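# A closer look at the structure
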Amino acid sequence: MDKSTIVCRCEEINIDEIESAINMGAHTFNDIKRLTRCGMGPCQAKFCMNLVRKIISEKTGQSLKDIKPPRMRVPLGVTRMSALASNKASSVASVFGESAEEGETDHEEEL
Amino acid sequence: MRTDLLIVGGGPAGLNAAYKAASYGLKTIIVDKWFSLGGQLRQQTQSYDHLPQHFAKLRGYKLADFLIDRLKPLDVTILEKHTLIGAYSDGSVGVTNEKDILPIDAKNVLITTGAMEEPDIFPGWTLPGVMTAGAAQILINRERVLPGKQALILGSNEFALEVAAQLHDCGIAIKGIVENRSELLCQNEKLIARISNAEIPIVLNGVIESAIGKGKVEEAYVNHNGNNALYDVDLICVAKGITPILEPFEVMNCDLIYRERLGGWLPEYYGNFETTNPSIYVAGNAAGITNMGGILLTGEIAAISAVESLNAASTVQIKEEKEYLWNELYRIEYNSVLEARLDVINELHNEKDAQLPPLVDSLNGRLING
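The structure displayed is predicted, hence computed values, not measured ones.

Before going further, it helps to examine the sheet that holds strand E13 (residues 219–224) of chain B. Residues and elements named next belong to chain B. The antiparallel open sheet is built from three strands, whose spatial order is E12-E13-E14. Whereas interior strands pair on both sides, the edge strands pair on one side only; in this sheet they are strand E12 (206–212) and strand E14 (227–232). Ignoring which end each strand starts from, the neighbouring axes of this sheet average 25 degrees apart.

Let us look at the sheet that holds strand E15 (residues 235–238) of chain B. Residue and element names in this part refer to chain B. Strand order in this open sheet of five strands is E8-E15-E9-E10-E11, and the pairing throughout is parallel. The open sheet has two edge strands, strand E8 (130–132) and strand E11 (202–203), and neither has a second partner. In terms of strand pairing, E8 meets E15 through three bridges, oriented parallel. Paired with Thr132 across the bridge in E15 is Val238. In the packing of helix H4 (residues 158–169) onto the sheet, contacts are made with strand E9 (150–154), strand E10 (173–178) and E15, and the angle to E10 comes to roughly 170 degrees.

This part covers the interface of chain A and chain B. Of the residues lining the interface, 42 residues belong to chain A; the matching set on chain B comes to 33 residues. Of the roughly 3300 Å² buried at the junction of chain A and chain B (both faces included), carbon and sulfur atoms supply 62%. Summed over the shared surface of chain A and chain B, the number is three salt bridges. For Arg71(A), the salt bridge identified is with Glu250(B), shortest N-O distance 2.8 Å.

Attention shifts here to the confidence of the model for chain A. The pLDDT averaged across chain A works out to 82; a share of 77% of its residues lies at or above 70. Here residues 98–111 of chain A is a poorly scored stretch, pLDDT under 50, and it has 24 contacts once near neighbours within four places are set aside; other chains count.

A few words on helix H1 (residues 12–23) of chain B. All names here are of chain B. Along its 12 residues, H1 runs 17 Å from first to last C-alpha, staying within 8% of the 16 Å computed at 1.5 Å per residue. All of the buried residues in H1 are Pro12, Ala13, Gly14, Leu15, Asn16, Ala17, Ala18, Lys20, Ala21 and Ala22. Once H1 ends, the next one or two residues include Gly25, with phi positive near 90 degrees.

Right, let's talk about the side chain of Asn141(B) for a bit. All names here are of chain B. With respect to the helices, strands and loops of the structure, Asn141 is situated in helix H3 (residues 133–141). In terms of polar contacts, Asn141 uses its side chain to reach the backbone carbonyl oxygen of Gln43, at 2.8 Å. Polar side-chain contacts of Asn141 include one of 3.5 Å to the side chain of Thr45. Non-local contacts of Asn141, meaning those with residues more than four positions away in its chain, are made with Gln43, Thr45 and Gln166.

Residues and elements named next belong to chain B. For the pair helix H8 (residues 315–332) and helix H9 (residues 335–351), the least separation of the axes is 10 Å and the interaxial angle reads 135 degrees. If you check the angle between H8 and H9, you find them oblique. Across the interface between the two elements, Trp326, Leu329 and Tyr330 from H8 touch Leu338, Arg341, Leu342 and Ile345 from H9. Among the residues making up the contact of H8 with H9, the classes are represented as six nonpolar, no polar and one charged.

Cut-offs applied
- Residues numbered from 1 in each chain as written.
- Chains lettered and ligands numbered in written order.
- Predicted model: local features only at pLDDT ≥ 70, side-chain atom pairs only at ≥ 80, totals over all residues.
- Heavy atoms only, no water.
- Pairing = 2+ DSSP bridges.
- Helix = DSSP H or I, 4+ residues; strand = E, 2+ residues; numbered from the N terminus.
- Axes fitted to C-alpha atoms, helices over the stretch in contact; angles between N-to-C directions.
- Contact = heavy atoms within 4.5 Å.
- Buried area = accessible area lost by both parts, 1.4 Å probe.
- Salt bridge = Lys/Arg side-chain N within 4 Å of Asp/Glu carboxyl O.
- pLDDT = per-residue confidence, 0-100.
- Expected span 1.5 Å × (residues − 1).
- Buried < 20%, exposed > 50% of the residue type's maximum accessible area, 1.4 Å probe, protein only.
- Polar contact = N/O pair within 3.5 Å; in protein donor to acceptor, adjacent residues only side chain to side chain.
- Parallel < 35°, antiparallel > 145°, perpendicular 65-115°, else oblique.
- Nonpolar A, V, L, I, M, F, W, Y, C, P; charged D, E, K, R; others polar.

This is the structure in structure tokens:
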């Protein structure tokens, strides 16, 4: 397939950019995300999750069952800042602070 | 807000679970991100063959009405246009309506967020006019808008053929159903007959090479056995199956597992449909892709587990409910799906050294012995 074909439509990342990231040593979705912004747009990798996993599998020979989804974070969708800051009981700090720290490394790959 | 059971996702699994739980007196809240309940049933005009005994055969959107209407006399609070955005360290769940965030303190949480459609890529797939089959179905059945005049369908599973037939009935010319394998994935004979009566061409061993057009799809190249053919189309519907939605489970710190037969990654769960995070349950397509009967029944089994955890019914009642529901699941769910589901359950029970529920254990035996 033409390497300029878009994979992540939110961030307009194509096959070539993902393969280049893999050539640079990326072997997980999270690596590719950090290097290219693939999967970091409004849909948060909903569309490209399995497309990218497939490219990783084809390029590195890893089996699909060994390629994890990218790390998913709160808020789980586009959310207004005003909603996040709306009341004291659930300020931005509590929503972001509480959910990120501990779970942070839970599903990360062991390096 | 406090509640006995918070259900995230008001599709068939969540609605059916709400009915069962609230019937046993559990105070129940359903949150759904859309403006009306019913989930994907809302645009399904076909009726389902594989339903549990306690359901009449209904068209999808009628089934949604039935599931919603029977909640009215019960203690079920419905929060439409509310989205789960995260969890707090005290265990409460944050839900937003775009204006405020409500922390909900629930004794049990059931996540029935369903599945999403898998895309497929080819040069030009981001052009307007390329959409999932589900999107095309929403346009014709819910929005009453024709998405195009001449279409190609990419994929040949049951849903692909169903949507092809529905688009054809709306007057859209289906130029071909393109499948890269050498045979149709759909095994529903009635549906295959409908496609063939409508004289819709089936292109096996075919792939869409590219879609081209200025600002929208105008033509597509289809490679069939090595030869490229040009199709005049303004609509390409991609139907490559569905995969469980994972974000809510990751945010709730539930462990995930990979099972291709169940649609890819999904949350791990026990025989009572509880995930690895205590009091968080899963059901419906989020617990592995299944048929409508499987979606409804798993919702009910998870609801019974919540009822059991709160001692809201007698041991005898719970045992009877579970027996009936698991036997129905055995009867209705495709064997390969049930096998993969039991495999997920067995593995987690082994890993955590937890005893398998006797019913689940007996199903293991029944599947092996046929």
